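Structural features, examined
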Amino acid sequence: MPVKQPFRIDPSATSSFAALRGKLPRLDARAPGAARLRAVVVGGGTGAPMSIRTLLSLGAQTSAVVAMADDGGSTGILRAEADVTPPGDIRKCIAAFARDPQDPLVRAFKYRLNVARDHALGNLMLAALEDSCGSFPEAIRICERLLDAQGHVYPSTLDHVTLEALTRDGRALDGQAVACHSKTALERVRLRASKPGAPIRAFEPACEALRDADLIVLGPGSLFTSIIPNLLVPGIVDAIRESHGHVLFVCSLADVQGETWGLTAREHVEALMDHGMAGLIDYVLVHTDVPLRAESPSMGSYIAATGADLEHASTSDMDDHALAAGVRPVPITYQDVASIQSMGPVVIARSLASAEHPTWHDPEALRGALKQVVKMGQARGGRAER
């Protein structure tokens, strides 16, 4: 009988961080504008750490604003049994900010303990520090110091909240863990305060970081359960609107959970706009392995910035049975690009998927795309009043 390993680390984060090792930072003060760039990643889950690490490798002064609706796994147990502020996504982002991901303390912080109900050690540390300090932000600051974090992580709210979702076939779902595994795509989500009638308030330092940002990156990550929950906190979208920085949405590569099952890249963007981001998104980064061309002259000129390195095989020859075996690439067509750009954002279409793991962004490809966005933003200058 095989022996169950007592400890394990999320392989996606470990692999991605290793790929960018030695590039923290790569650009320095001699690179015009690089050291001055202030970037904020908005999200949670496993996607935000990828953007964090990539921006750090570009020399950007990076922060993260993280959703507080998680109620699954180790975090769910701690919320239910200890009434703590959700630590899971905060833990992942703090680890992403660590100067040396291979430091023993950083590695231990990311450990999941199969011997202790699969709790993440970082979750337990944050929960215990919140109790001993009486402050979740102070618990975060202590962990940032312990891991020599190269940026700050801010919860979007300190109020305890629950995610409510409505599916596209009219079903109501309660809780983030239930919503992300919906059998059909979600239509809308909203936050409910854990205490009936209590207000939900934004964490002011998170709003300040957003107002001061030169670049705000949404994602990648679960659209309805990691990215949008931040936007539902009163004050967060207002802070984005007040910022003069550019906003980039990094669309997911594929569906691996039910919440966006079958949605196109255009529908991802529309969902963001339906949840407060209309008129606020400047760039949309999408994955494609094939050039996108107009199917008729009436479509007009295609102005999306398309990467030249189309090295991965196309999935256009895969039928629904093959795609439905756990992974379905998020589709993007020329018509989708034209539709998205008619709403305001510039679409940047590039080959972004890892050759080994098609649901993960290739670190070098994402780094090149974000570098392109930074240059485009600097060429366009600061964003005017929205």
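Residues numbered from 1 in each chain as written. Predicted model: local features only at pLDDT ≥ 70, side-chain atom pairs only at ≥ 80, totals over all residues. Heavy atoms only, no water.

Considering the environment of L166
To keep it simple, the criterion reads: By definition, any uninterrupted DSSP run of H or I lasting at least four residues is a helix, any uninterrupted run of E lasting at least two residues is a strand, and each is numbered from the N terminus. The criterion used for residue contact is that any of the two residues' heavy atoms lie within 4.5 Å.
Mapped onto the fold, L166 is located in strand β7 (residues 161-167). It is 9.8 Å that separates the C-alpha atoms of L166 and S182, two residues lying 16 residues apart in sequence. If we ignore the near neighbours within four places in the chain, the residues touching L166 are R171, A172, L186, E187 and R188.

Focus: empty space enclosed by the protein
The line we're drawing: Only protein atoms enter the 1 Å grid used here. Points where a 1.4 Å probe fits but cannot escape make up a cavity, open sets with protein on both sides within 12 Å along at least five of seven lines make up a pocket, and a residue lines them when an atom lies within 4 Å of a point. Grid points are joined across faces, edges and corners, and a volume is the space filled by probe spheres set on the points. Three residue categories are used. Nonpolar comprises Ala, Val, Leu, Ile, Met, Phe, Trp, Tyr, Cys and Pro, charged comprises Asp, Glu, Lys and Arg, and polar comprises the others, including Gly.
Counted according to the given criterion, the structure contains one cavity of 30 Å³ or more. In this structure, the largest cavity occupies an estimated 30 Å³ of space. In terms of lining residues, the largest cavity is bounded by C251, S252, L253, A265, V286, H287, V330 and I332. Its residues assigned to classes, the lining of the largest cavity comprises six nonpolar, two polar and no charged.

A closer look at the sheet that holds strand β1 (residues 7-8)
In plain terms, the rule: When DSSP finds two or more bridges between two strands, those strands count as paired.
Read across the sheet, three strands follow the order β1-β4-β5 without closing on themselves; strand pairing throughout is antiparallel. Each end of this open sheet is capped by a strand with a single partner; those strands are β1 and β5 (119-120). Sheet analysis places strand β4 (residues 112-113) next to β5, joined by two bridges and oriented antiparallel. From the neighbouring strand, L113 faces β5, where its bridge partner is H119.

Let's talk about helix α14 (residues 334-342)
The condition that has to hold: Buried means the residue's accessible area, taken with a 1.4 Å probe over protein chains only, is under 20% of the maximum for its type, while exposed means over 50%, and partly exposed covers the values in between. Arc, as used here, means the arc of the directions from the helix axis to the C-beta atoms.
Among all positions in α14, only Y334, D336, V337, I340 and Q341 are buried. Down the axis of α14, the buried set is contained in an arc of 160 degrees. They therefore lie on one face. On its buried face, α14 is in contact with α12 (265-277), β13 (283-287) and β16 (346-350).

Some details on the sheet that holds strand β8 (residues 172-174)
Cut-off, in case you're wondering: Axis geometry follows a simple rule: fit a line to the C-alpha atoms, using only the stretch in contact for helices, then measure angles between N-to-C directions, giving values from 0 to 180 degrees.
Strand order in the open sheet formed by three strands is β8-β7-β9, and the pairing between neighbours is antiparallel. Two strands in the sheet have a free side with no partner beyond their single neighbour: β8 and β9 (186-193). Strand-to-strand twist in this sheet, taken as the mean axis angle between neighbours without regard to direction, amounts to 25 degrees. Pairing of β7 with β9 involves seven bridges; the strand directions are antiparallel. Bridged to T167 within β9 is L186. In the packing of helix α10 (residues 223-231) onto the sheet, the strands contacted are β7 and β9, and the crossing angle to β9 comes to about 55 degrees.

Things to note about the environment of R145
Positionally, R145 belongs in helix α7 (residues 136-146). Given the relative accessible area of 57%, R145 is considered exposed. Along the sequence, R145 and I94 sit 51 residues apart, while their C-alpha atoms lie 9.8 Å from each other.

Things to note about the packing of helix α4 (residues 88-97) against helix α6 (residues 121-133)
Spelled out, the test is: In this scheme, roughly parallel covers angles under 35 degrees and roughly antiparallel covers those over 145, while 65 to 115 is roughly perpendicular and the rest are oblique.
Closest axis-to-axis distance for the α4/α6 pair is 9 Å, and the angle between their directions is 110 degrees. The orientation of α4 with respect to α6, classified from their angle, is roughly perpendicular. Contact residues: G88, I90, R91 and I94 in α4; G122, N123 and L126 in α6. In terms of residue class, the contact of α4 with α6 is made up of three nonpolar, three polar and one charged.

Comments concerning the confidence of the model for the protein
Rule in force here: pLDDT expresses, on a scale from 0 to 100, how confident the predictor is about each individual residue.
Per-chain confidence: the protein averages 85 in pLDDT, with 82% of residues scoring 70 or above. Low pLDDT (under 50) marks residues 26-34, which in the prediction has 14 contacts with non-local residues, meaning those over four places away or in another chain. The low-confidence segment residues 296-324, where pLDDT is below 50, has 44 contacts with residues more than four positions distant or belonging to other chains.

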